[in-house]
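Chain by chain, the residues run as shown.
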Amino acid sequence: MKSSSCQGKTPLGSLCTADDTAQEQGLDLEPPVRMEEEKEVMEEREVEIEQPLPCLSESDTRGIIKGRDLFGYVGIEAVLDQMRRKTMKAGFEFNIMVVGQSGLGKSTLVNTLFKSKVSRKSCTPNYEEKISKTVHLQSVSHIIEEKGVKMKLTVIDTPGFGDQINNENCWEPIVQYVNEQYEKYLKEELNVNRKKRIPDTRVHCCVYFLPATGHWLRPIDVEFMRRLGKIVSIVPVIAKADTLTLEERLEFKQRIRQDLQANGIRVYPQKEYDEDAEDRILNDKIRENIPFAVVGTDKEHQVNGNKVLGRKTKWGIIEVENVAHCEFAHLRDLLIRSHLQDLKDVAHNIHYETYRVKRLNESNANGVALSPLTLENGTLEKSDAESHL
């Protein structure tokens, strides 16, 4: 009588085959290698059966349906065209502030950036340079259109900054101006009948001009960037970099980066704002070039038969847009071509949001509506009592 060695075992644990019967009768059919292969196959089948098939539960019915799984063309990608058409019709706003001593070429650089006369000096008739006794801000707005895209550009200039013998607290009017724009936007948001599109006068970027001394950051530079870096995105630049040799420029940039790190000064783009690995790689290259050594001019010269923006000297022509001569092209790409929308997002989602939370917490703690904006120097915002909420 044959012994049934397969009895009592599950079909998954062991299968009784003709090979097993032949082995019991003493027949040598196949080498042990085949038995090991069959054993591995059965183990794989066990694992496959033990693991349940993936399925969507009642609580999680989300699935990813890609183009190859659709029955036909839906047209979801047309949303991008819709967004583009709306943006082109409405246009967008960009507000840039330039800060620095007189004579560093702030107005010229802004005109060079946007290749038009948009600065305070160039658009003011019969303008005469006068040293202001105090820091007061002036803004000029223009509508720039290129290939059907409209942009309302506002340039905020700060005449009088750093020009006095006593520059103590000269940054306070600038801090006040930035906070006032946040306050205006906040009050518009809190109105019962809000505008369909709230006018955005918030400062999206502050370009800070450093004199090409070749030494270290001045105390006024450190204090300004330390205070303003908390409420607005700051991009430091070395003005009139053609006054330095390449070796002096490289050494000066390294010293400035050391000063920024030693004093905990936050300049744009910050590492914590990098959204993914691609952004991190791009922003790391930008951080390596900060501060940008720039040269500005609005005059064209002939170089090898081509017209280029540049400054003519005894030794030749300094081409503004040539990266071998200066880093103006890197600054332009950062402010306009690659990070303009990101600058606006950081201003809204980071700096303005921080201000909004602070103001609402203050009003909730007092149990009243928003009170007039109290500045660091104790003065109140110039607003009528009717505008208080």
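Summary of the structure given here. (Residues numbered from 1 in each chain as written. Predicted model: local features only at pLDDT ≥ 70, side-chain atom pairs only at ≥ 80, totals over all residues. Heavy atoms only, no water.)

**What about the nonpolar core?**
Here is step 1 of the chain: Ranked by size, the top nonpolar core spans 74 residues in total, and within it F224 and L228 carry the most contacts.
Here is step 2 of the chain: Sort the elements by how many residues they give to this core and helix α5 (residues 172-190) lands first, with 7 residues.
Here is step 3 of the chain: Those residues in contact with L228 that sit more than four places away from it in its chain are W171, I174, V175, V178 and I234. (Core = buried A, V, L, I, M, F, W, Y, C linked by side-chain atoms within 4.5 Å. Buried < 20%, exposed > 50% of the residue type's maximum accessible area, 1.4 Å probe, protein only. Helix = DSSP H or I, 4+ residues; strand = E, 2+ residues; numbered from the N terminus. Contact = heavy atoms within 4.5 Å.)

**What to know about the packing of α5 against helix α10 (residues 340-366)**
Here is step 1 of the chain: Relative to each other, α5 and α10 sit at 75°, their axes nearing to 10 Å. Overall, the two elements α5 and α10 adopt an arrangement that is roughly perpendicular. Two secondary-structure elements touch here, α5 through N179, Y182, E183, Y185, L186, E189 and L190 and α10 through A347, H348, H351, Y352, Y355, R356, R359 and L360.
Here is step 2 of the chain: Split into classes, the residues belonging to the contact of α5 with α10 amount to 8 nonpolar, 3 polar and 4 charged. (Axes fitted to C-alpha atoms, helices over the stretch in contact; angles between N-to-C directions. Parallel < 35°, antiparallel > 145°, perpendicular 65-115°, else oblique. Nonpolar A, V, L, I, M, F, W, Y, C, P; charged D, E, K, R; others polar.)

**Regarding unusual backbone geometry**
Here is step 1 of the chain: For the bond from Y268 to P269, the omega torsion is 0°, close enough to zero to count as cis.
Here is step 2 of the chain: Assignment of secondary structure puts P269 in the loop between α7 (246-262) and α8 (277-289).
Here is step 3 of the chain: A cis amide bond links I290 with the next residue in sequence, P291, at an omega value of -5°.
Here is step 4 of the chain: Mapped onto the fold, P291 is located in the loop between α8 and β6 (292-293).

**A word on a nonpolar patch on the surface**
Here is step 1 of the chain: Together, I65, L70, V74, I76, V79, L80 and M83 make up a nonpolar patch on the protein surface, roughly 720 Å² of accessible area in all.
Here is step 2 of the chain: One can find I76 in the loop between α2 (32-50) and α3 (78-90).
Here is step 3 of the chain: The class for I76 is exposed, based on a relative accessible area of 61%. (Patch = residues over 30% accessible without salt bridge, like charges linked within 9 Å, V, L, I, M, F, W, Y side chains within 5 Å. Areas by Shrake-Rupley, 256 points an atom, 1.4 Å probe, with all protein chains shown as cover. Salt bridge = Lys/Arg side-chain N within 4 Å of Asp/Glu carboxyl O.)

**So, the state of the cysteines**
Here is step 1 of the chain: Tallied over the entire structure, the rule returns 0 disulfides.
Here is step 2 of the chain: Cysteine C205 shares no disulfide, and the gap to the nearest cysteine sulfur, in C206, comes to 7.0 Å.
Here is step 3 of the chain: Note on C205: relative accessible area 0%, which makes it buried. (Disulfide = S-S within 2.5 Å.)

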